[in-house]
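The residues making up each chain are set out below.
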Amino acid sequence: MKNQLLILLFMTLICPACKQAIKEEPPQPGTFGYDKEFILKHDSSAVILGKSDAQVLVSAKYQAKVFTSTATGDTGRSFGWIHYKAFYGPIDPYMNAYGGENRFWLGPEGGPFSLFFEKGKDQKFDNWHTPPAYDSEAWELVFKDSTHAVLAKDMQLKNFAGSEFKLRVTRKISLLDTRQIERFLPVQVTGSIKAVGYRTENTVTNTGPTEWNKTTGMPCTWILDMFPPSDQTTIVIPFKSGDGSPATTNYFGEIPADRLKAKDSVLYFKADGKQRGKLGVHPARAKSVAGSYDAGNHVLTIILYDVAPLSKYLNQEWRTDKDPFSGDAMNAYNDGPLADGKQMGPFYELESVSSPHFLPLGHSATHWHSVFHFIGNEMDLDYISKKVLGVSIEEIKKAL
């Protein structure tokens, strides 16, 4: 052993070719290290929460996004979807889809109080524009330490009704340790399981000039999580029992029966990134929890979010002939090719929406949304899935 160490020392000191040969391999695509290196090239001020296995990557330059996370360090799987091509070229006038496994938007997207369409314009794609304040403009990094980042943005927005809004948005992103994960879900992180979890606290404050009401319209907080799809990934959404359908399933045309099934108060939705479809769960039927399972990579993802079951949520559809307060509290989206064959992704999304922000001047509203990833053997993952989602890993795998 001593001779081997001496040889290695000799090689690194006097043999440049040998020194180059023993350098570490560059990060591989799909790993957290690869995505961290990529984001830091475009935003040198990006924040890394955590220093060991569990890490979260946050960017103020790119609208306070959590771009990705890992449960197993730099060489471990990167859980977020990043649209690498979007970082090059000019600003897109419609949407700058940088990706990210947790991003902040404000709704509603469509309807009489839409923030994405100008007053008097038809609500169709040519007139659809994501407000720059949460699409392309940088945010302020207010505070950071090893496990927390606080980011903020002052915004001025105008909706389809012609109302003007001034607001300040603050996002606090907190990396959770094992004990906190176990308390929030609640589960025990044991056996083969490696986990990462974080909580986002999203606060909107009305900074003037008027109160937000049913005449002016009002925004709602909209959190969207983008993840890489696969042929073996299934979205899992538990829902409360009740009359009628628990979900809106025709946002982009009715989702085919072989891609969406309801069984024993659980929705199963295929997340392969091959056919565009979106569903929404009504606030009275939403359970504050959803998730997905990637059977090929043994990744169980869970989200927790706020729901106000007695509130009426803003409708996000691109239409003005429907009750603006008939919307959904939670959405899931599977990407796929458009009619012309073009595709942004592939990716899939788990989303949560807040109730409408009826805010007097100077008042605030907060929406919480948490993300957890677990990786390990299926026996240990099965315990977490049953405990949190109410179904076994085997049930998820056989659902579609």
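Residues numbered from 1 in each chain as written. Predicted model: local features only at pLDDT ≥ 70, side-chain atom pairs only at ≥ 80, totals over all residues. Heavy atoms only, no water.

> So what's going on with the nonpolar core? Which residues, and what values?
Most often, soluble globular proteins have nonpolar side chains that are buried together. Within the largest apolar cluster, 72 residues are counted, with the highest numbers of intra-cluster contacts made by F104, L106, Y134, M155, L167, I237 and L279. If you look at the next biggest cluster of nonpolar residues, it comprises 26 residues, including L185, V266, L304 and I396. (Core = buried A, V, L, I, M, F, W, Y, C linked by side-chain atoms within 4.5 Å. Buried < 20%, exposed > 50% of the residue type's maximum accessible area, 1.4 Å probe, protein only.)

> Quick rundown of the sheet that holds strand β1 (residues 47-49)? Include the residues and the values.
Strand order across the open sheet formed by three strands is β1-β2-β3, with antiparallel pairing between neighbours. Single-partner strands in this sheet number two, and they are β1 and β3 (65-70). In this sheet, adjacent strand axes meet at a mean angle of 20 degrees when their direction is disregarded. Sheet topology note: the strand β2 (residues 55-59)/β3 ladder contains five bridges and is antiparallel. Residue pairing in the sheet places Q55 in a bridge with T70 of β3. Each of β1, β2 and β3 is contacted by helix α3 (residues 32-42), which is oriented at about 20 degrees to β2, the strand it contacts most. (Pairing = 2+ DSSP bridges. Helix = DSSP H or I, 4+ residues; strand = E, 2+ residues; numbered from the N terminus. Axes fitted to C-alpha atoms, helices over the stretch in contact; angles between N-to-C directions. Contact = heavy atoms within 4.5 Å.)

> Which residues make up the environment of F38, and what values do they have?
Inspection of the secondary structure assignment puts F38 in helix α3. The spacing of F38 and I82 is 44 residues in sequence and 9.8 Å in space, taken between C-alpha atoms. Setting aside residues no more than four positions away along its own chain, F38 makes contact with I82, Y84, F87 and Y88.

> Kindly report on the packing of aromatic side chains, identifying the contributing residues and their values.
All told, the structure shown has 26 aromatic pairs when counted by the stated rule. The interplanar angle of 55 degrees and the centroid separation of 6.3 Å between the aromatic rings of W105 and Y134 together place this pair among those described as tilted. Of the two residues, W105 sits in strand β4 (residues 103-107) while Y134 sits in the loop between β4 and β5 (140-144), which places them 29 residues apart along the sequence. For W105, a relative accessible area of 4% gives the class buried. Grouped by ring-pair contacts, the aromatic residues Y94, W105, F116, F117, F125, W128, Y134, W222 and W318 constitute a single cluster. Above the ring of F252, the side-chain terminus of R276 is found at 3.8 Å from the ring centroid. Seen from the ring of Y251, K278 lies directly overhead, with NZ or CZ sitting 4.9 Å from the centre. (Phe/Tyr/Trp six-rings, centres within 6.5 Å; stacked < 30°, edge-to-face > 60°. Lys NZ or Arg CZ within 6 Å of the ring centre and 35° of its normal.)

> Now, about the sheet that holds strand β15 (residues 289-294): what can you tell me, with residues and values included?
What the ten strands build is an open sheet, ordered β5-β6-β7-β8-β19-β16-β15-β10-β13-β12; its pairing is antiparallel. Looking along the sheet, the strands with just one partner apiece sit at the ends: β5 and β12 (260-263). For this sheet, the mean angle separating the axes of adjacent strands, direction not counted, is 20 degrees. Taken together, the twelve bridges between strand β8 (residues 194-208) and strand β19 (residues 364-375) define a ladder with antiparallel strand orientation. Each residue of the ladder has a partner; that of E201, found in β19, is W368. Along the sheet, helix α5 (residues 378-388) makes contact with β15, β16 (299-305) and β19, crossing β16 at roughly 20 degrees.

> Can you tell me about α3, naming the residues and giving the values?
Inspection of α3 places F32, G33, D35, K36, F38, I39 and H42 among the buried residues, and these make up the whole buried set. Among the structural elements, β1, β2 and β3 are those in contact with the buried residues of α3.

> Tell me about the side chain of S230, and name the residues and values.
Its location among the elements puts S230 in the loop between β9 (220-227) and β10 (233-238). At a separation of 2.6 Å, a polar atom in the side chain of S230 contacts the side chain of T233. Residues contacting S230, with those up to four places away along its chain left out, are A271, D272 and D294. (Polar contact = N/O pair within 3.5 Å; in protein donor to acceptor, adjacent residues only side chain to side chain.)

> Explain the pairing of β15 to me, and be specific about the residues and the numbers.
For β15, the buried fraction is high: six of the six residues fall into the buried class. Residues of β15 alternate between two faces, with V289, G291 and Y293 on one and A290, S292 and D294 on the opposite face, all of them buried. In this structure, β10 lies alongside β15, joined through four bridges in antiparallel fashion. Among the inter-strand pairings, I235 is bridged to a residue of β15, identified as S292.

> Could you give an account of unusual backbone geometry, naming the residues involved and the relevant values?
Note that the residue after L185, namely P186, is joined by a cis bond; omega there is -20 degrees. Within the fold, P186 resides in the loop between α4 (178-184) and β8. A cis amide bond, omega 20 degrees, links G345 with the succeeding residue P346. Look at S288: it is not a glycine, yet its phi comes out positive at around 70 degrees. Secondary-structure assignment places S288 in the loop between β14 (277-281) and β15. Look at S288 and you get partly exposed, because its relative accessible area is 26%. Of note in this structure, H298 is not a glycine but carries a positive phi near 55 degrees. Assignment of secondary structure puts H298 in the loop between β15 and β16.

> Kindly report on the pattern of salt bridges, identifying the contributing residues and their values.
Under the criterion given, the structure shown has 18 salt bridges. Linking D53 and K194 is a salt bridge whose minimum nitrogen-to-oxygen distance equals 3.2 Å. Of this pair, D53 sits in the loop between β1 and β2 while K194 sits in strand β8, placing them 141 residues apart in sequence. By relative accessible area, which is 34% here, D53 ends up partly exposed. Residue K194 is classed as partly exposed on the basis of its relative accessible area of 38%. Measuring nitrogen to oxygen at the nearest pair gives 3.0 Å for the salt bridge that ties E137 to K153. Placement of E137 in the loop between β4 and β5 and of K153 in strand β6 (residues 148-158) is noted, with a sequence separation of 16 residues between them. Here E137 falls in the partly exposed class, since its relative accessible area comes to 34%. (Salt bridge = Lys/Arg side-chain N within 4 Å of Asp/Glu carboxyl O.)

Function-wise, these values are silent; they only describe arrangement.
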